[in-house]
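For reference, the chains in residue letters:
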Amino acid sequence: MGDPYEETIFDRKLIPAMNAPGKGEQSIVLTVIAGSEVDFGKHFVLERKRTAIGREKINDIALSDGKVSKAHCEISVIRSSRGIEQISLLDLDSTNGTYVNGEPVVQTTLKAGDKIQAGSTILQLSYSDEIEKEYHAKLFDFAARDALTGLYNKRFIVNELENYCRIARRSSRAFSVIMLDIDDFKRINDVHGHLAGDEYLKRLAALIRDTLRDQDIAGRIGGEEFLVVLPETAVEGALQLAVRIRKAVEDFVMDLQGQAVRTTVSAGVCQYERGMRDVKELLDLADRGLYEAKKAEKNKVMRAVLADIPRE
C-alpha cells in the first residue's frame, strides 16, 4: 500500500489560451476586485467550456467567502473557428443569488467589463493579454508572499487557515497543519553572517515547497518559523510529510564558499478537531507539538492533540 499522502484529491487548473474576437491572442479573465483578503487580486482564465464558481474547493474557481454557496454559479463559453461567440452565466440556485452589474440574474449573457457578484465577492470579466495577466499576478504576489522566501506571508496563510476551519466545522472534512522551526538558526547567522542565513531560508523554503501537493500551502510566519496547511489530510498523512521534511533538511548541506552550512528542523503536527473554538487554538496546538519537539533534543516531529492541553 502506497503512501496515502501522495494521493492528489483535487488538481483542477485554469490554463490561459484562446482568441478573443478582434483582440488578437488574448484570454477571457475573471479578476476578484472585491471580497475577502485571501481572494482579492486573484485572476482566473476561462479556458473550459464551463467554469464552476462556488465555495467548495472542488469548483474551478473556489472563493473564500462564507456567503457564497457551495455551487454558486457557472460561466459557459461558446467558441467557433471565428473565436468566442458567446459568454453566458447561469445561477445554480444559490442561497444569496448571483448579480451582474448590481442586478439579480438567473441566466444572462456577459460582456467585457461586467461585474459578477457572488456573496460578498465581485469578479470583473475582461479580455487580457499575457503582459496584463503577468502584471496582476505580480500585484497579488506582492500582497500575499514573503519577499525573501517566496512562500505565503503570515497574513495570507492565517486567513486561509480561518477558511479551512470554517469548512471543517460545516462539513467535518479533515485537514492538518505542520509548524516548523529551524533548530539553532542563530548559529548560522553568528558564524556565517546574515546573508548566509537569508540564503539558507530561501533554500529551505524551496525544499518545503517541493514536497507539497498543488492544494497544500506553506507560509513563513516568523523569522525562521514556517506553517504548512494540508487540506483533505488526516494527521497520519501530515506526520509522514513532516518526517520527510525533517529528514530532507537533515540531509541538506548548503555550500558557502567551501564551507558546509547545515542544521535541522523541529516540527509540531496536529489535525483540526471538532470543538476547537478558533484558529488561535489550532495554532496553539501545533505550537505545543513544536515545543515538545524542541524539548526532546530537537530534530524531532511531535504530534499534539487537544486533550493534552488544559482549556479554561
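See the structure above.
None of these values were measured; they are calculated from a predicted model.

K.L.:
Describe the pattern of salt bridges, with residues and values.
P.N.:
Tallied over the full model, the rule gives 18 salt bridges. The residue Lys294 makes a salt bridge to Asp181 at a minimum N-O spacing of 2.7 Å. Pair noted here: Lys294 is in helix H6 (residues 279-295) and Asp181 is in strand E14 (residues 175-182), with a separation of 113 residues, a long-range link. Assessed through its relative accessible area of 24%, Lys294 is described here as partly exposed. For Asp181, a relative accessible area of 14% translates into the label buried. Connected through salt bridges with shared partners, the residues Glu56, Arg173 and Glu232 form a single ionic network.

K.L.:
Mind laying out the packing of helix H3 (residues 185-192) against helix H4 (residues 194-210), listing which residues take part and the relevant values?
P.N.:
Packing of H3 against H4 leaves a shortest axis separation of 6 Å and a crossing angle of 135°. Between H3 and H4, the crossing angle belongs to the class labelled oblique. Between H3 and H4, the contacting residues are Phe185, Ile188, Asn189 and His192 on the first element and His194, Ala196, Gly197, Tyr200 and Leu201 on the second. Split by residue class, the contact of H3 with H4 holds 5 nonpolar, 4 polar and no charged.

Conventions adopted
- Residues numbered from 1 in each chain as written.
- Predicted model: local features only at pLDDT ≥ 70, side-chain atom pairs only at ≥ 80, totals over all residues.
- Heavy atoms only, no water.
- Salt bridge = Lys/Arg side-chain N within 4 Å of Asp/Glu carboxyl O.
- Helix = DSSP H or I, 4+ residues; strand = E, 2+ residues; numbered from the N terminus.
- Buried < 20%, exposed > 50% of the residue type's maximum accessible area, 1.4 Å probe, protein only.
- Axes fitted to C-alpha atoms, helices over the stretch in contact; angles between N-to-C directions.
- Parallel < 35°, antiparallel > 145°, perpendicular 65-115°, else oblique.
- Contact = heavy atoms within 4.5 Å.
- Nonpolar A, V, L, I, M, F, W, Y, C, P; charged D, E, K, R; others polar.

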